[in-house]
Amino acid sequence: MSDRLIELLKVKADGYKIINTTTRAHEFFFIKHKLDMNRYKDVEHTLLTVYKKDKEGKYLGSTTREIHPYLKNEELEMIIDQMVYSAQFVKNPYYELVKPEDKNISDQLKVDPLEVAKDIIMTIQATKETPITNINSYEVFVNEKIINIKNSLGVDVTYHTLDSQAEIIVNAKLDDQEIEIYRNYTFGTCDKEYLSQQLHNTLQIGIDRSKAVPTNNLKQFRVVFTDHNAIKLLNYFIDMTNVSSIYMKISDYQKGETIAEFTGNDRIGLSAKAKLFNSSKNHLYDEDGNLLCDRELISDGVGVDYWGNQQFSQYVGKSKASNFKNFVFAGGSFDQLELKRSPYLKAVEFSDFQCDSATGNFAGEIRLAYYFDGDKEIPVTGGSISGNIRQLQKQMRLAKDLKQIDNYLIPEYVVLDDVVVSGIN
Amino acid sequence: MKVKYSDYLELMDDKIESLRFLLDQHFEYTSILATDVSGSSYRVASRQKSISDYQFSERGFVVRVYQNGLYSEYSFNHFDVDDINGLALNIVDKLKKQLDMIKENSFVILTTPMINEEERQLFVEREVEKLPDEQGIDQIVNFLTNISDHGIKADKRIIECQAAVNMVHVNKAYFSKQKHLRQSYMFSEANIVALAKNDSDIKMAYKGYSGAIGAEIMDQMQNDVETVVKEAIALFDASPVEPGEYQVICTPEVAGLIAHEAFGHGVEMDMFVKERSLAKHYMGKQVASELVDMHDGALCAENTSSYSFDDEGVIANDTTIIDKGILVSGICDLLSALRLQHQPTGNGKRQSFERKAYTRMTNTIFSAKNDKLDDMVASIKFGYLLDGMQSGMEDPKNWGIQCILAKGHEIKDGKLTGKIIAPVIMTGYVPDLLKSIDMVGGEVAVFGSGYCGKGYKEYVKAADGGPYLRAKARLG
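This structure is a prediction, so every number in the text was calculated from the model and none was measured. Within every chain, residues take consecutive numbers counted from 1 along the sequence as written. Written order decides the labels, with chains lettered from A and ligands numbered from 1. The predicted nature of this model means local features are confined to residues of pLDDT at least 70 and side-chain atom pairs, given and counted, to a pLDDT of 80 or more, with totals for whole chains, interfaces and linings taken over all residues. As a rule here, side-chain values come from all non-hydrogen atoms in the structure, and water together with hydrogens is ignored.

A.B. asks: Just checking my understanding: could you explain the nonpolar core for this structure?
C.D. replies: Soluble globular proteins: nonpolar side chains tend toward being buried together. Only buried Ala, Val, Leu, Ile, Met, Phe, Trp, Tyr and Cys residues count toward a nonpolar core, and they belong to the same one when joined by side-chain atoms within 4.5 Å. Between buried and exposed lies partly exposed: a residue is buried under 20% and exposed over 50% of the maximum accessible area for its type, with that area taken using a 1.4 Å probe on protein chains only. In this structure, Phe225, Phe237, Ile268, Leu345, Phe362 and Ile385 of chain A are the most contacted members of the largest nonpolar core, which totals 60 residues. Per-element accounting of this core gives the leading share, eight residues, to helix 5 (residues 227-240) of chain A. In this structure, this core is formed jointly by two domains, domain 1 (2-209) and domain 2 (213-422) of chain A, each of which donates at least three residues. Note on definitions: a residue-residue contact is assigned when non-hydrogen atoms from the two residues lie within 4.5 Å. With residues up to four places along the chain from it excluded, the contact list for Ile385 of chain A reads Phe225, Leu345, Phe350, Phe353, Phe362, Ala363, Gly364, Ile366, Val419, Val420 and Val421 of chain A together with Ile425 of chain B. Helix and strand assignments follow DSSP, with helices taken as H or I runs no shorter than four residues and strands as E runs no shorter than two, numbered in order from the N terminus. In this entry, domain limits derive from an automatic or database-based domain assignment.

Here it is as structure tokens:
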């Protein structure tokens with residue numbers, strides 16, 4: 001269909017972009033360790049964006065639709081006509097589409113997705129369960145994708161990706177107390193050692209959660225964030241450097257300027273990467289067809305560069321367009337010794353931790369945290385934390401060591417003071 | 001105006017049945033769900049406009065088969081009508097490869113009874129007032145642009161005002177040996193979002209709209225932008241709440257959030273199968289005050305999750321979940337019903353043809369009683385009127401509540417003082433909250449502009465609502 005589509009577009013549209021994604025997936029669903037269902041998926045999605053210039057060339061309208069397989073010529077013509085008509089009402093300031101690079105880079109997939117699924121399942125089934133903690137259920141997804149991006153300026157690139165997901169529920173029961181812990185692991189292929197270690201850690205958390213006592217009302221307190229909760233906080237800095245945030249005036253970020261008046265020893269360092277080891281988001285090109293090349297964004301708390309899609313990168317006019325998916329933060333100076341000098345609350349599990357990049361507000365209900373009283377860590381549960389990262393970032397402390405969680409490489413922990421901790425005790 | 005059934009699915013009808021018949025030669029049971037969901041999404045902000053497909057548009061097929069106690073599924077969207085036999089053999093081959101892997105590695109099967117259906121034919125085309133195709137694209141964009149422009153001009157602290165609308169046409173067909181079901185309906189959702197900025201802060205206010213309606217949704221949006229702007233600006237003066245337990249009045253939107261997050265997820269019976277739900281052990285017991293009745297079903301309201309049959313071919317229903325404070329039933333997808341020996345309730349939903357079906361909520365509603373809002377406010381010595389939902393998260397295992405609300409209006413000595421707290425986190429134990437409900441308003445409002453996830457995936461449309469409620473809640 002692609003050739004027919006392009007012939008029509010050349011006649012009717014001022015520009016076009018076609019992203020064609022073929023996905024073949026293996027999916028397995030387990031309750032306890034019994035197979036509830038197996039699924040296979042074979043789908044192709046063609047996303048077409050049609051562009052229309054105004055007469056003066058000041059505006060570029062666009063509209064995006066999925067083109068389903070097996071449409072007849074007459075249907076395709078009608079859809080394109082409708083899209084061209086719609087595009088003229090979407091008057092965005094003019095921008096150029098991506099031009100082809102001098103060379104095309106491509107790759108090949110070297111693993112069997114069904115083998116990857118099998119490895120994930122076997123690793124989960126080999127996890128050492130205890131009378132207190134066990135695995136309640138899990139779902140495994142392995143997606144093999146072939147992505148082709150074409151546009152009216154001659155971009156025509158193809159590359160492969162493999163991404164996997166394991167959603168796992170862990171149960172813990174001690175005396176009459178029974179709790180569960182939700183985990184959603186995403187990665188490229190199956191790293192058995194990494195997955196085993198993660199599951200072991202989660203089972204340990206289950207044991208701690210079953211022993212947790214009510215959280216005290218700590219009012220304003222030092223809180224330590226780890227793993228996905230730390231990522232949600234740190235996304236604030238990733239979003240602030242994105243050209244769409246700058247264009248929408250949500251972010252005041254500027255190259256060459258400090259991003260905040262940091263009063264502590266640690267400063268934010270942030271880079272965007274085309275590839276990270278075993279990330280589920282290793283793409284050669286972004287959705288506009290830009291070849292992704294690593295880029296430093298923030299160095300020692302000072303703006304260095306921007307990132308984002310083709311449209312907004314041109315509006316802001318200060319960087320080459322690249323819509324990254326892998327991010328690396330620099331470590332700080334805060335080691336375990338310094339951490340243990342004062343009491344803190346290490347928030348490990350929330351029912352749903354949220355951090356809004358626009359307002360900076362963050363909040364979450366505590367399912368498990370560790371209260372450090374100066375001597376030992378005590379598991380606690382219940383209550384909530386809240387704060388605003390725009391206000392609290394000045395004295396943010398970052399761990400020395402880094403930890404990778406899928407497409408993020410971040411400090412092992414992020415420490416904020418004066419977070420509101422509303423306990424239930 | 002009738003919402004006409006999909007021409008594509010009409011054309012494919014006998015071909016899908018042919019595929020089902022061919023697959024039936026290889027398996028003990030076969031069913032096929034065909035979907036054709038289309039819609040347009042219009043988004044206008046001061047710096048950016050877009051027109052695109054509705055984000056959950058889809059056209060495809062999911063085959064469900066059963067053999068030796070195990071259900072398997074195959075999702076696809078390439079239906080070559082000139083080689084249906086080849087398609088059937090390909091499906092058999094791909095599933096066989098998986099089943100071989102399962103066998104080689106000795107995976108244990110959760111043996112499930114086979115679906116036993118009664119014969120049923122159904123063809124439904126629902127109606128709306130205004131079909132989207134009859135509105136000009138220019139009219140829609142201009143309408144939204146006016147709202148956005150008005151919002152920006154309303155206050156110099158407003159840095160962005162977005163108006164957006166999605167209008168969605170859903171077509172689904174279900175095929176099995178005994179059933180041939182087809183439906184066509186519409187839903188629409190819209191929002192106005194205002195972003196305000198002062199020297200140090202950014203605040204956001206939002207109003208959502210939804211219904212089992214067409215383009216008439218835009219009529220609801222006409223006069224609200226100034227209210228949304230005022231709400232965003234007012235948040236600059238909001239204080240954080242002093243954590244503690246308070247007497248509160250929940251607006252219908254917050255009541256709906258409680259019904260959905262705090263309780264609804266806990267009675268999804270696929271969680272009973274997995275022993276992940278506390279509610280399983282409370283059937284027939286008092287879990288709320290006697291004033292509380294709660295329902296869920298595609299039939300119990302007309303909103304964004306109102307349909308005639310679910311994604312497993314089960315006819316839609318209206319299930320009483322809580323009756324005078326007693327938990328009487330959960331909601332159930334078809335396979336969970338087989339495992340629990342329960343009746344399915346028409347709550348088997350998929351994010352799309354590409355995803356598995358789970359037990360999902362539809363319209364989850366607290367019923368109305370007789371109390372008046374003025375009386376509720378007058379009855380409170382010190383507390384808050386809680387308004388606006390931001391997010392919520394389920395905890396079916398322990399019946400914990402986490403709801404993040406937009407704001408609370410302070411009530412002192414029976415009067416609203418004008419002071420606001422924001423944002424507000426409501427936490428606690430669900431039965432405590434529900435048992436503390438001691439006044440219930442007389443009019444139900446339903447809200448369906450959001451999306452419901454199962455954990456952090458499987459996003460489906462769901463609506464919720466209720467009347468004003470007075471209760472005791474822990475706020476932080």
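Let us keep going from here.
A.B. asks: Sorry, what's going on with the packing of helix 1 (residues 7-24) of chain B against helix 2 (residues 84-104) of chain B here?
C.D. replies: Residue and element names in this part refer to chain B. At a closest axis distance of 9 Å, the pairing of helix 1 and helix 2 adopts a crossing angle of 45°. Judged by the inter-axis angle, helix 1 sits oblique to helix 2. Crossing hand, helix 1 versus helix 2: right-handed. Here helix 1 contributes Lys15, Ser18, Leu19, Leu22 and Leu23 to the contact with helix 2, which in turn contributes Ile84, Asn85, Leu87, Ala88, Ile91 and Val92. Under this grouping Gly is polar, as are all residues other than the nonpolar Ala, Val, Leu, Ile, Met, Phe, Trp, Tyr, Cys and Pro and the charged Asp, Glu, Lys and Arg. A per-class count over the contact of helix 1 with helix 2 returns eight nonpolar, two polar and one charged. Note on geometry: axes are lines fitted to C-alpha atoms, helical ones only across the stretch in contact, with angles between N-to-C directions running from 0 to 180 degrees. Oblique is the label for any angle not covered by the other classes, which are roughly parallel (under 35 degrees), roughly antiparallel (over 145) and roughly perpendicular (65 to 115). Handedness of a crossing follows from how the near helix is turned relative to the far one, being left-handed for an anticlockwise turn of less than a right angle and right-handed for a clockwise one.

A.B. asks: Can you walk me through the domain arrangement of chain A in this structure?
C.D. replies: A common way to report how large an interface is uses the accessible area buried once the components associate. Residues and elements named next belong to chain A. The assigned domain composition of chain A is domain 1 (2-209) and domain 2 (213-422). Put simply, the middle of domain 1 and the middle of domain 2, counted by C-alpha atoms, are 24 Å apart. Counting residues at the interface gives 35 residues for domain 1 and 31 residues for domain 2. Roughly 2700 Å² of surface becomes buried between domain 1 and domain 2 when both sides are summed, with 53% attributable to carbon and sulfur atoms. Two parts placed together each lose some accessible area under a 1.4 Å probe, and the buried area is that loss summed for both.

A.B. asks: Hey, could you run me through the sheet that holds strand 20 (residues 402-405) of chain A in this one?
C.D. replies: Working definition: the strands of a sheet are paired by backbone hydrogen bonds and lie parallel or antiparallel to each other. Residue and element names in this part refer to chain A. Note on pairing: DSSP must find at least two bridges between two strands before they are called paired. Reading across the sheet, the six strands line up as 12-11-10-13-21-20 and stay open at both edges, with mixed pairing between neighbours. This sheet does not close on itself; its edge strands, each paired only once, are strand 12 (302-303) and strand 20. Along the sheet, helix 5 makes contact with strand 10 (270-273), strand 11 (295-299), strand 13 (326-329), strand 20 and strand 21 (408-411), crossing strand 21 at roughly 100°.

A.B. asks: Would you mind showing me how to read the sheet that holds strand 12 (residues 319-323) of chain B here?
C.D. replies: Residues and elements named next belong to chain B. Sheet architecture is open: six strands sit in the order 13-12-11-16-25-22, paired in mixed fashion. The sheet is open, and its two borders are formed by strand 13 (326-327) and strand 22 (445-447), each paired with just one other strand. Pairing geometry for strand 11 (residues 294-296) and strand 16 (residues 363-366), over three bridges, is antiparallel. Of the residues in strand 16, the one forming a bridge with Met294 is Phe366.

A.B. asks: What is the right way to look at the domain arrangement of chain B in this model?
C.D. replies: Residue and element names in this part refer to chain B. If you check the domain split of chain B, you get domain 1 (7-39 + 50-118), domain 2 (125-236) and domain 3 (244-475). Relative to domain 3, the C-alpha centre of domain 2 lies at a distance of 23 Å. Approximately 1700 Å² of surface area, both sides summed, lies buried where domain 2 meets domain 3, with 51% of it carried by carbon and sulfur atoms. The salt bridge criterion pairs a side-chain nitrogen of Lys or Arg with a carboxyl oxygen of Asp or Glu, the two atoms within 4 Å. Connecting domain 2 to domain 3 are four salt bridges. Arg126 is the partner of Glu302 in a salt bridge, and the nearest nitrogen-oxygen pair spans 3.4 Å. Identification of polar contacts relies on pairs of N or O atoms within 3.5 Å, with a donor-acceptor requirement for protein atoms, meaning one able to donate a hydrogen and the other able to accept it, and with residues adjacent in sequence counted only if both atoms are side-chain atoms. Linking domain 2 with domain 3 are 11 residue pairs in polar contact (both at pLDDT 80 or more), by the criterion used here. For the side of domain 2 that touches domain 3, the secondary structure elements donating two or more residues are strand 7 (158-175), strand 8 (179-197), strand 9 (202-211) and helix 5 (225-234). Counting residues per element, the side of domain 2 that touches domain 3 draws most heavily on strand 8, which supplies nine residues.

A.B. asks: Explanation requested: the pairing of strand 23 (residues 451-454) of chain B in the structure shown.
C.D. replies: Consecutive residues of a regular strand have side chains that alternate between opposite faces of the sheet. All names here are of chain B. Bridge count between strand 23 and strand 24 (residues 457-461): three bridges; the pairing is antiparallel. Bridge pairing in strand 24 places Cys452 opposite Val460. Between the end of strand 23 and the start of strand 24, which pair antiparallel, lie two residues, with Gly455 showing a positive phi angle near 70°.

A.B. asks: So what exactly am I meant to see when it comes to helix 5 of chain B here?
C.D. replies: Quick reminder: α-helices carry 3.6 residues per turn. Residues three or four places apart thus point the same way. Residues and elements named next belong to chain B. For helix 5, every residue scored as buried is listed here: Val225, Val228, Val229, Ala232 and Ile233. Each buried residue of helix 5 lies within a common arc of 135° when the element is viewed along its axis, so the set occupies one face. Buried residues along helix 5 sit against helix 3 (137-154), strand 7, strand 8 and strand 9. Read the arc as the range of directions from the helix axis to the C-beta atoms.

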